[in-house]
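# Chain and residue survey
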Amino acid sequence: MSRLLKTKALVLQTRPLGERDRLLTLYTMASGKLPAVAPGARKVKSKLAAASGPFTCAAYLLYLGRTMATVTQAEIETGFWGIRNDVHRYAYGTYFAELVDKTVEEEEASPELFALLFHGWRELENKRADIELLARCFELKLLSLLGYRPGLEGCAACGENRGKLFYGSASGGLFCSSCGGGGASFALTAGSCALARRLLSLPYKNASALRAHAFQKAELENFLQHCLQHWAGVGGLKSLSFLQKVGGADSCNKPKRQI
Ligand SMILES: [Zn+2]
């Protein structure tokens, strides 16, 4: 049965559909991920053009047809211009959106996930944020919300929390050298584990104001990519290639506070 749905939503993805329309992937507050056609949105004078762009939060009125939703009205709440006007932030913001897109099923509402992306984009606009740490914070919180919170307190087998922990690719966990570090491809130092715990527990604003060594950031980035792949099945993201192409956060990090 067809019906109307009024909901706030974030645009995860937008692409042209034919000559006139756009096909949006929305993350709606009411129904989670939802594909929707925005008719006529490719026309410059269209009322739906602005609400069909990336990095948009808007109130949408959707007509839910048998096979596809259609946008009938939209009122923009936020355009995240601080992201759109900076290529590095644009790359990170696209990465956040693609991570959500790839890890959630359609029509499973989660206000927590909506808030995670909304506030993640908001903090990405903050010129003083360390956006590498913000990205690690986003990945950790996303994994945690999906039910895949990495064990960061110590060895997954014996609980040892001193010294390095080694990543076990078969189990996707961290182990001390006695319990399975032998065949591991990489390790996390105790400082990197502590940093990850802080990133997970702090709000974005505080997490992105922390300060960390380059090797800790590299260790965490590597570890979390393995976690996302192993636990959430995420791989081959287009946005990650784009992020690497534009040079990541090299040119816009301004860390402030030492942990
Ligand atoms: Zn152990």
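Here is a short report on the structure shown in this document. In this text, all values refer to a predicted model and were calculated from it rather than measured experimentally.

On to the overall build of the protein chain. If you tally the helices and strands in the protein chain, you get eight helices and 10 strands. Taken against the 2.2 N^0.38 rule, which gives 18 Å for 259 residues, the C-alpha radius of gyration of the protein chain at 20 Å falls within 12% of a compact globule. Each principal axis of the C-alpha distribution contributes one length, and for the protein chain these read about 60 × 40 × 30 Å. Restricting to contacts in the protein chain with at least 6 residues of sequence separation, those with at least 24 account for 65%. Accessible surface for the protein chain amounts to roughly 12,500 Å². Of this, 51% is attributable to carbon and sulfur atoms. The distance from the centre of the 33 positive side-chain charges to the centre of the 22 negative ones in the protein chain is 5 Å.

Moving on, we get to the sheet that holds strand 7 (residues 173–175). Pairing within the open sheet is antiparallel, and its three strands lie in the order 7-6-8. Either end of the sheet is taken by a strand with one partner, and the two such strands are strand 7 and strand 8 (187–188).

This part takes up the coordination of the zinc ion. Those protein atoms acting as donors to the zinc ion are Cys155 (SG), Cys158 (SG), Cys176 (SG) and Cys179 (SG), and they sit at 2.3 Å. Written as a sequence motif, the donor residues of the zinc ion are C-x2-C-x17-C-x2-C. Here cysteine 155 is found in the loop between helix 4 (131–145) and strand 6 (165–168), whereas its partner cysteine 176 is found in the loop between strand 7 and strand 8, with 21 residues between them in sequence.

Quick look at the packing of aromatic side chains now. One pass over the structure, following the stated rule, counts 10 aromatic pairs. Residues phenylalanine 80 and phenylalanine 118 carry aromatic rings whose centres are separated by 5.6 Å and whose planes lie at 75° to one another, so their mutual orientation is edge-to-face. Note that phenylalanine 80 is positioned in the loop between strand 5 (69–78) and helix 1 (81–84) and phenylalanine 118 in helix 3 (residues 111–124), a separation of 38 residues in sequence. By the burial criterion, phenylalanine 80 is buried, and phenylalanine 118 matches it.

Definitions and limits used
- Residues numbered from 1 in each chain as written.
- Predicted model: local features only at pLDDT ≥ 70, side-chain atom pairs only at ≥ 80, totals over all residues.
- Heavy atoms only, no water.
- Helix = DSSP H or I, 4+ residues; strand = E, 2+ residues; numbered from the N terminus.
- Rg over C-alpha atoms; globule rule 2.2 N^0.38 Å.
- Contact = heavy atoms within 4.5 Å.
- Areas by Shrake-Rupley, 256 points an atom, 1.4 Å probe, with all protein chains shown as cover.
- Lys, Arg positive; Asp, Glu negative; His and termini not counted.
- Charge placed at Lys NZ, Arg CZ, Asp CG, Glu CD.
- Pairing = 2+ DSSP bridges.
- Donors = N, O, S within 2.8 Å, 3.2 Å for Na, K, Ca; no water.
- Phe/Tyr/Trp six-rings, centres within 6.5 Å; stacked < 30°, edge-to-face > 60°.
- Buried < 20%, exposed > 50% of the residue type's maximum accessible area, 1.4 Å probe, protein only.

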